[in-house]
Amino acid sequence: MGDFVKINGFNYHYVKKGDKGHPIVLVHGLPMSSYLWRKVQDCLADRYQVYAIDMKGYGQSDKPPEASLYTWTDQAERLAKFIDTLRLGKVALAGHDHGGGVTQIMICNNPDKVSHYIFMNGCCYDYCLPDVVRAMGTLINFPDDTLKMFQPFAIGFFSALLQFAVAHETSLNIPIMQKHMEPFKSFEGFKSLIHHCA
């Protein structure tokens, strides 16, 4: 489900729910995707246009191999272009976790694009990842053959990490966990995850 928009040569996946009212753009964190926002979108769709984007390297969006394309500043520039490309005008913007850092940079560089801002459990500056996540990012220096050996461990690590990050265990059952981790099961997706951790 969802649509794609091309921004600077890359395909960005997004899910839109609702077609009236003020536009809201929801930006996920690490290692999530637009799927994170599905219930929030359902709650708001009767009054707003609610967009949940997969940032580059996440979900169904493109996953380029170049590490330089995964900085928060680059993600923020692409987010601003997403808003422009869809002609959303001023949006209410929400950023969670890693997406909080991206949205702050986007707002600082483009205050004219945002009418309201919600910051949830996010980072306050570029690359403030916890040590355990940064450690995962050091895998970027390993050859592909070695990375392929680490892939099952890393997916298991993030699955376990996510289980400790929810207040209600039932909100993150096995099928939901599998849906969140699905984009990282391909080697391309796994390398993208490492780029985000680096």
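Residues numbered from 1 in each chain as written. Predicted model: local features only at pLDDT ≥ 70, side-chain atom pairs only at ≥ 80, totals over all residues. Heavy atoms only, no water.

1. A look at the overall build of the chain
Stated precisely, the cut-off is as follows: Working definition: helices are DSSP H or I runs of at least four residues, strands are E runs of at least two. Numbering for both runs from the N terminus. We compute the radius of gyration over the C-alpha atoms and compare it with the globule rule, which gives 2.2 Å times the number of residues raised to the power 0.38. The criterion used for residue contact is that any of the two residues' heavy atoms lie within 4.5 Å. For every accessible area listed, the method is Shrake-Rupley and the probe measures 1.4 Å; residues are considered covered only by the protein chains on display. Only four residue types enter the charge count: Lys and Arg as positive, Asp and Glu as negative, with His and the chain ends excluded. The atom standing in for a charge is NZ when the residue is Lys, CZ when it is Arg, CG when it is Asp and CD when it is Glu.
In terms of regular secondary structure, the chain is built from seven helices and six strands. When its helices and strands are written in sequence order, the chain yields β-β-β-α-β-α-β-α-β-α-α-α-α. Here the C-alpha atoms of the chain give a radius of gyration of 16 Å, agreeing with the 16 Å that 2.2 N^0.38 yields for 198 residues. Each of the three principal axes of the chain carries a C-alpha extent, and together these read 50 × 35 × 30 Å. Of the contacts formed within the chain by residues at least 6 apart in sequence, a portion of 69% connects residues at least 24 apart. For the chain, the exposed surface amounts to about 9,600 Å²; the carbon and sulfur share of it is 57%. Separation of charge centres in the chain, based on 19 positive and 19 negative side chains, amounts to 4 Å.

2. Points about helix α7 (residues 187–197)
Basically, it comes down to this: Exposure classes here rest on a 1.4 Å probe applied to the protein chains alone. A residue is buried below 20% of its type maximum, exposed above 50%, and partly exposed in between.
Burial analysis of α7 places eight of its eleven residues in the buried class, which makes it a mostly covered element. Listed as buried for α7 are Gly189, Phe190, Ser192, Leu193, Ile194, His195, His196 and Cys197.

3. Overview of helix α3 (residues 98–109)
To keep things clear, this is the line we draw: Multiplying one less than the number of residues by 1.5 Å gives the expected span of a helix.
The end-to-end C-alpha separation of α3 is 17 Å, in line with the 16 Å expected for twelve residues at 1.5 Å each. Within α3, nine of the twelve residues are buried, which leaves it mostly tucked inside the rest of the structure. Every buried residue of α3 is listed here: His98, Gly99, Gly100, Gly101, Val102, Thr103, Ile105, Met106 and Ile107. Its buried side turned inward, α3 meets β3 (23–27), α2 (72–85), β5 (91–96), β6 (114–120) and α7.

4. Points about the pairing of β5
A regular strand places its side chains on the two faces of the sheet in alternate fashion. Heads up, the rule is: Note on pairing: two strands pair once DSSP finds at least 2 bridges between them. Think of it like this: strands point away, you trace from the first strand over the helix to the second, and a clockwise trace means the crossover is right-handed.
When you tally the buried positions in β5, you get five out of six residues, the bulk of the element. By the bridge criterion, four bridges tie β3 to β5 in an arrangement that is parallel. If you follow Ile24 over to β5, its bridge partner there is Ala92. Relative to β6, β5 is paired through six bridges, and the arrangement is parallel. Bridging from a neighbouring strand, Leu93 pairs with Tyr117 of β6. Regarding the hand of the β-α-β motif, the stretch spanning β5, α3 and β6 is right-handed.

5. Some points on the packing of aromatic side chains
Where we set the bar: Each aromatic pair joins two rings of Phe, Tyr and Trp (for Trp, the six-membered one) with centres within 6.5 Å, and gets the label stacked for planes under 30 degrees apart, edge-to-face for over 60, and tilted for any other angle.
Applying the stated rule across the entire model yields seven aromatic pairs. Between the aromatic rings of Tyr14 and Tyr51, the centroid separation amounts to 6.0 Å while the plane-to-plane angle is 40°, which identifies the pairing as tilted. With a gap of 37 residues between them, Tyr14 in strand β2 (residues 10–17) and Tyr51 in strand β4 (residues 49–53) connect regions that are remote in the sequence. On the basis of relative accessibility, which here comes to 9%, the residue Tyr14 falls in the buried class. Relative accessible area serves as the criterion here: at 6%, Tyr51 is assigned to the buried category. Ring geometry for Tyr58 and Phe184: centres 6.4 Å apart, planes at 80°, overall edge-to-face. Of this pair, Tyr58 sits in the loop between β4 and α2 while Phe184 sits in the loop between α6 (174–181) and α7, placing them 126 residues apart in sequence. Per residue, the accessibility class of Tyr58 equals that of Phe184, and both read buried. Here a set of aromatic residues connected by ring pairs shows up, and it is made of Tyr14, Tyr51 and Phe82.

6. Focus on the environment of Trp37
Take Trp37: it is sitting in the loop between β3 and α1 (38–44). What makes Trp37 buried here is its relative accessible area of 6%. Those residues within four positions of Trp37 in sequence are excluded, and the remaining contacts are Leu26, Val27, His28, Ala52, His96 and Met120.

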